[in-house]
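# Geometric and topological summary
Listed here are the chains, written in short residue letters.
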Amino acid sequence: MPYYKDAFGNASSIHEVGRIARKGIDEARVKAASLLGAKDADEIVFTGSGTEADNFAVKGAADALKSKGNHIITSSIEHHAILSTVKFLEKNGCKATYLPVDKFGLVDRNALKKAITDKTILVSIMYANNEMGTIQAVKELASVAKERGVLFHTDAVQAAGKLPIDVSELGVDMLSVSAHKIYGPKGVGALYVKKGVKLTPLLHGGYHEKNRRAGTENVAGIVGFGKAAELAAKNMNKDIIYIKSLRDRLQKGILNSIKYTYINGHPENRLCNTVNISFEYLEGESIILNLDMEGVGVSTGSACTSGSLEPSHVLTAMGIDAVKTQGSIRFSLGKGNTREDIDYVVKVLPPIIERLRKMSPLYKG
Ligand code: PLP
């Protein structure tokens, strides 16, 4: 709040209120770098969202490396911030490979190895999936890219704060994060860009962010991101244990009380807060609406595609058949949830499912 009020200065101004704002940004950069294990705070570029960080990584690398090649490798289960960006680049002369995943949503290291050509300039594979939470073996995948001298980016928007991240240990060149996924403000993201990696900026103008992202900085948002990063680093281990215990309780409660339900995603290598469940014979939307009336907020697929009736591209890529994909719901828990919340959902959900199934022409009891 102080950065909206007394410390309202433009961080590029050299007068006192400007210097206070600059200090706020500098401190936030150190905190964000520390959450990600970046050695140098200057490796963090603040952006306006996780989407922008993803766009910057992919478009920035494609343009900067166009004399070397035009081939990008990604996976078929990425968030649309990556998929739509790669599709856009394909219209503009790039070639793309969308790696398949197995039934748990994992990318195969050998498939990546085979897909790399002399023209490959970038591999972008997400750290953890937003719809069903599967965590990729990013370290192994990054090492495959490294062996061939290809840049490796990972979208860690869902992973940050829910998994310890160390960019050096992972061996990635770029990594995207977003403040609102770690209890920070919306509309702020960051891209970790390893020292020495050159990207063409998306935005041209002033010399902000060391000439990598023009535009007056969202000081309050960035400071909020920094605070969220500091708290995430401090509380992560205990938050993970707590949220996972709630997640497991929810999962068990639902599977034990409702027939024809299936967990989507990896049984173990999965984010602590995510459980994606298919309720056979149903439409996810009707479950969402009925749960909403009971005061429970859940989603199908990603919030960014909630207006679409298309089946989830993630579950489809995992080979899950359309009937199960249609009735899938994503429960995302946070540190604000309690055991009482879980027990409430486990109590209100079975009658909803029973009622909806009775109305379903597919359900024969
Ligand atoms: N990548 C993943 C995996 C996400 O889950 C999201 C948002 O949900 C994004 C990117 C986009 O981040 P933002 O909402 O900050 O644009």
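The following paragraphs examine the structure supplied in this document. Since we're looking at a predicted model, the values are computed, not measured.

For any two helices packed against each other, one specifies the crossing angle of their axes together with the interaxial distance. Two elements in contact, helix α2 (residues 50-64) and helix α3 (residues 80-91), have axes separated by 9 Å at closest approach and are oriented at 30 degrees. The angle between the axes of α2 and α3 places the two elements in the roughly parallel class. Viewed along their axes, α2 and α3 form a crossing whose handedness is right-handed. Along the contact surface, α2 presents Thr51, Asp54, Asn55, Val58, Lys59 and Ala62, while α3 presents Ala81, Ile82, Thr85, Val86, Phe88 and Leu89. Partitioning the contact of α2 with α3 into residue classes produces 7 nonpolar, 3 polar and 2 charged.

What follows concerns the pattern of salt bridges. Taken as a whole and assessed by the stated rule, the structure comprises 16 salt bridges. Among the ionic pairs, Glu27 bridges to Lys23, the shortest N-O distance being 3.1 Å. Taken together, the residues Glu27 and Lys23, both in helix α1 (residues 16-36) and 4 residues apart, mark about one turn of the helix. A salt bridge links Lys227 to Glu230, with the nearest nitrogen and oxygen atoms 3.6 Å apart. With Lys227 and Glu230 both in helix α8 (residues 219-257), this residue pair falls 3 residues apart, about one helical turn. For Glu230, a relative accessible area of 29% translates into the label partly exposed. What you see here is one network of salt bridges that share partners, running through Lys31, Lys227 and Glu230.

With that settled, the discussion passes to the site of the ligand. Contacts to the ligand come from 13 residues, most closely from Gly50, Thr51, Asp155, Gln158 and Ser178. Contact distances for the ligand include 2.6 Å between an oxygen atom and a side-chain N or O atom of Ser178. The side chain of Lys181 places a nitrogen or oxygen atom 2.9 Å from an oxygen atom of the ligand. Protein contacts shield 90% of the accessible area of the ligand, which totals 390 Å² for the unbound molecule. Of the residues in the shell around the ligand, the class split is 2 nonpolar, 8 polar and 3 charged.

Put simply, α1 and α8 touch, their axes get as near as 8 Å, and they point 35 degrees apart. Crossing angle aside, the handedness with which α1 passes α8 is left-handed. Two secondary-structure elements touch here, α1 through Ala21, Gly24, Ile25, Ala28, Lys31, Ala32 and Leu35 and α8 through Val219, Ile222, Val223, Gly226, Lys227, Ala229, Glu230, Ala232, Ala233 and Met236. When its residues are assigned to classes, the contact of α1 with α8 shows 12 nonpolar, 2 polar and 3 charged.

On to the packing of aromatic side chains, then. All chains considered together, the criterion is met by 4 aromatic pairs. An angle of 65 degrees between the planes, with centres 5.9 Å apart, marks the rings of Phe46 and Phe225 as edge-to-face. In this pair, Phe46 is assigned in strand β1 (residues 44-47) and Phe225 in helix α8, connecting sequence segments 179 residues apart. Given a relative accessible area of 2%, Phe225 falls into the buried group. Ring plane angle 85 degrees and centroid distance 5.6 Å describe the contact between Tyr260 and Tyr281, whose orientation is recorded as edge-to-face.

A sheet is described by the order of its strands in space; here 3 strands give the open sequence β8-β9-β10, paired in antiparallel fashion. Edge positions in the sheet fall to β8 (261-264) and β10 (328-332), since each has one partner strand and no second. Adjacent strand axes in the sheet meet at a mean angle of 30 degrees, parallel and antiparallel pairs treated alike. Both strand β9 (residues 274-279) and β10 contribute to a ladder of 5 bridges, which runs antiparallel.

Inspection of the secondary structure assignment puts Thr47 in strand β1. Polar side-chain contacts of Thr47 include one of 2.8 Å to the backbone oxygen of Ser49. Each residue touching Thr47, except ones within four places of it in the same chain, is listed here: Glu52, Ala53, Gly187, Val188, Gly189, Ala190, Leu191 and Arg213.

With that settled, consider the environment of Glu354. Topologically, Glu354 is positioned in helix α12 (residues 339-359). In this structure Glu354 comes out as partly exposed when scored by relative accessible area, which is 49%. Distance from Glu354 to Ile258, taken between C-alpha atoms, is 8.5 Å for residues 96 residues apart in sequence.

Criteria and thresholds
Residues numbered from 1 in each chain as written. Predicted model: local features only at pLDDT ≥ 70, side-chain atom pairs only at ≥ 80, totals over all residues. Heavy atoms only, no water. Axes fitted to C-alpha atoms, helices over the stretch in contact; angles between N-to-C directions. Helix = DSSP H or I, 4+ residues; strand = E, 2+ residues; numbered from the N terminus. Parallel < 35°, antiparallel > 145°, perpendicular 65-115°, else oblique. Left-handed = near helix turned anticlockwise from the far one by under 90°. Contact = heavy atoms within 4.5 Å. Nonpolar A, V, L, I, M, F, W, Y, C, P; charged D, E, K, R; others polar. Salt bridge = Lys/Arg side-chain N within 4 Å of Asp/Glu carboxyl O. Buried < 20%, exposed > 50% of the residue type's maximum accessible area, 1.4 Å probe, protein only. Near = heavy atom within 4 Å. Polar contact = N/O pair within 3.5 Å; in protein donor to acceptor, adjacent residues only side chain to side chain. Areas by Shrake-Rupley, 256 points an atom, 1.4 Å probe, with all protein chains shown as cover. Phe/Tyr/Trp six-rings, centres within 6.5 Å; stacked < 30°, edge-to-face > 60°. Pairing = 2+ DSSP bridges.

The values are spatial; any link to function lies outside them.
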